[in-house]
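Geometric and topological summary
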Amino acid sequence: MAKLGRELSAKGIDIINLSFGEPDFFTPDDVKAAAKKAIDENYSYYTPVSGYPELRKAVVDKLLKENGLTYTFDQIVLSTGAKQSLANAVMCLVDPGDEVIVPTPYWVSYSEMIKLGEGETVFINASAQNNFKITGAQLEAAITPKTKLFMFSSPCNPTGSVYSKAELADLVAVFEKHPNIYIISDEIYEHINFVGKHASIAEFDSIKDRVILINGFSKSYAMTGWRVGYMAANKEIANACDKLQGQITSGTSSIAQRAALGAYMGGLESVHLMVDEFRKRRDIVYALLKEIPGIKVNLPDGAFYFFPEVKSYFGKKNGENVIKTAEDLSLYLLNEAHVSTVTGEAFGNEDCIRISYAASEEQLRKAVSQIKDALAKLS
């Protein structure tokens, strides 16, 4: 969709891009200053595979202060983005034939990472009625003797759903009965959370040693291009991921790491300002989407996406243009409304599309208006 949107833009068509998965804010000034200082101080050499000791220690301090989680320095592995941290964990844990349980909708790369690890993905459908979250009963029903790993995100991309501590406890009760299953908890959207304190499944001592917590700097600090992520895991897994990463990319960028250290040293003021703006945009877009006939939409508790159900438009047409799938609808909205979205099929749900509200209020109001007008042309 991004590629097609760029092609239309090159033809002079004004495309509003709501397909991006990154904040539309600039990296905070104190973070940029830390990077500039690092350049001047000649941080230009190879870094340790697991990251600079100072940054790993800052991650340990952050997890204790903000999340109440106790880790040691050697349980942290910094990587070139949280995506690499996820891939490292999957590659080190999954053997051919192992089953990995993934609730849907899910971030598109999970299933592809599992394929690369020669594992088998077992999907659990998280319904819109349950705000796109699964229950312990659903989890229990999906487990087999081949189950090795459970992989999920909270807050979630693409739905914006956030698991409460009580909902996580429901899942933990199941994991306690199955001690051979590991859990990858993708918490990259941790701070973009509109319901209060973030809850991590790593808070439960009974399973903490089996949790691989993934986080980073890209979303909270608007640092997507800097590519710094990390995992916190038991020492055996952390050591394995360190060895794997040492043969693929080694340590991540020296300057980016110093910038990340600056982010944690600088506090959360810029993060809170960004989240307040996202909350305002969420409420605006939610109200506007609810005015469009045929669209069913949940109010997301985090991240910066809506994942509305659009299947009421399947079978409708505008002239020769017949809408059969969510992908058809996304293409129609691109060409007719000049708004770029993403088909829900990419995230494991064929009835929905993903709309990012990481754009200005003016652009969001204009985009939803144009979507509404384009959908009204279908009959």
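The name recorded for the protein in an unreviewed UniProt entry is Aminotransferase, from Pedobacter hiemivivus.

**Focus: the overall build of the protein**
Scanning the protein from terminus to terminus reveals twelve helices and 14 strands. In terms of overall size, the protein behaves like a compact globule, its C-alpha atoms giving a radius of gyration of 21 Å where 379 residues would be expected to give roughly 21 Å. Dimensions along the principal axes, computed over C-alpha positions, put the protein at roughly 60 × 55 × 35 Å. The proportion of buried residues among the 379 residues of the protein is 54%.

**What to know about the packing of helix α11 (residues 326-337) against helix α12 (residues 361-376)**
Contact pair α11 / α12: the axes reach a minimum separation of 9 Å and the direction vectors enclose 110°. By the criterion of interaxial angle, the relationship of α11 to α12 is roughly perpendicular. Listed contacts from α12 to L329, Y332, L333, E336 and A337 of α11 are Q370, I371, A374 and L375. Its residues assigned to classes, the contact of α11 with α12 comprises seven nonpolar, one polar and one charged.

**Quick notes on the pairing of strand β2 (residues 76-79)**
Residues I76 and L78 point to one face of β2 and V77 and S79 to the other, with burial holding for every one of them. Pairing of β2 with strand β8 (residues 229-232) involves four bridges; the strand directions are antiparallel. Bridge pairing in β8 links L78 to Y230.

**Some points on the nonpolar core**
Counting 115 residues, the largest nonpolar core has M151, I201 and F217 as the members making the most contacts within it. The element that contributes the greatest number of residues to this core is helix α10 (residues 269-290), accounting for eight residues. Viewed by domain, this core spans two of them, domain 1 (1-21 + 270-376) and domain 2 (29-266), each represented by three or more residues. Among residues more than four places away in sequence, those in contact with M151 are L86, V90, V100, I101, V102, P103, Y110, M113, I114 and I184. Formed by five residues, the second largest nonpolar core is a distinct cluster that contains F132, F307, V342 and C352.

**Focus: the UniProt feature "domain: Aminotransferase class I/classII large" (unreviewed entry) in the protein**
Per the UniProt annotation, the sites labelled "domain: Aminotransferase class I/classII large" (unreviewed entry) are residues 14-371. The straight-line gap between the two end C-alpha atoms of residues 14-371 is 14 Å; of that span, 38% is helix and 15% is strand.

**Brief notes about the domain arrangement of the protein**
Each domain of the protein was delimited in the assignment, giving domain 1 (1-21 + 270-376) and domain 2 (29-266). Using C-alpha coordinates to define each centre, domain 1 is positioned 28 Å away from domain 2. Taking both partners together, domain 1 and domain 2 bury about 2,100 Å²; carbon and sulfur atoms supply 60% of that area. On the domain 1 side of the contact with domain 2, N298, D301 and F347 bury the most area, a combined 28% of that side's loss. Joining domain 1 to domain 2, the criterion identifies zero salt bridges. Remark: the boundary between domain 1 and domain 2 carries ten residue pairs in polar contact (both at pLDDT 80 or more). Broken down by secondary-structure element, the contributors of at least two residues to the side of domain 1 that touches domain 2 are α10 and β9 (305-306).

**A short note on the sheet that holds strand β5 (residues 147-153)**
Read across the sheet, seven strands follow the order β2-β8-β7-β6-β5-β3-β4 without closing on themselves; strand pairing throughout is mixed. One side of each edge strand has no neighbouring strand; the edge strands of this open sheet are β2 and β4 (120-125). Sheet twist, expressed as the average angle between the axes of neighbouring strands with direction ignored, equals 20°. The pairing of strand β7 (residues 211-216) with β8 spans four bridges and is antiparallel. Note that in β8 the partner of G216 across the bridge is G229. Its contacts with the sheet put helix α5 (residues 109-116) on β3 (99-104), β4, β5 and β6 (182-186), and the angle it makes with β5 is roughly 155°.

**So, the pairing of β3**
With six of six residues buried, β3 lies mostly within the body of the structure. Along β3, one buried face is formed by E99, I101 and P103 and the opposite face, lined by V100, V102 and T104, is buried too. As paired strands, β3 and β4 are joined by six bridges and run parallel to one another. Looking across to β4, one finds that T104 is bridged to N125. With α5 bridging β3 and the parallel β4, this β-α-β connection has right-handed handedness. Here β3 pairs with β5 via three bridges, running parallel. The residue bridging V100 from the neighbouring strand is L149, located in β5.

Thresholds applied
Residues numbered from 1 in each chain as written. Predicted model: local features only at pLDDT ≥ 70, side-chain atom pairs only at ≥ 80, totals over all residues. Heavy atoms only, no water. Helix = DSSP H or I, 4+ residues; strand = E, 2+ residues; numbered from the N terminus. Rg over C-alpha atoms; globule rule 2.2 N^0.38 Å. Buried < 20%, exposed > 50% of the residue type's maximum accessible area, 1.4 Å probe, protein only. Axes fitted to C-alpha atoms, helices over the stretch in contact; angles between N-to-C directions. Parallel < 35°, antiparallel > 145°, perpendicular 65-115°, else oblique. Contact = heavy atoms within 4.5 Å. Nonpolar A, V, L, I, M, F, W, Y, C, P; charged D, E, K, R; others polar. Pairing = 2+ DSSP bridges. Core = buried A, V, L, I, M, F, W, Y, C linked by side-chain atoms within 4.5 Å. Domains from an automatic or database assignment. UniProt positions renumbered as here; feature names shortened; annotations may be inferred. Buried area = accessible area lost by both parts, 1.4 Å probe. Salt bridge = Lys/Arg side-chain N within 4 Å of Asp/Glu carboxyl O. Polar contact = N/O pair within 3.5 Å; in protein donor to acceptor, adjacent residues only side chain to side chain. Right-handed = clockwise from strand over helix to strand, strands pointing away.

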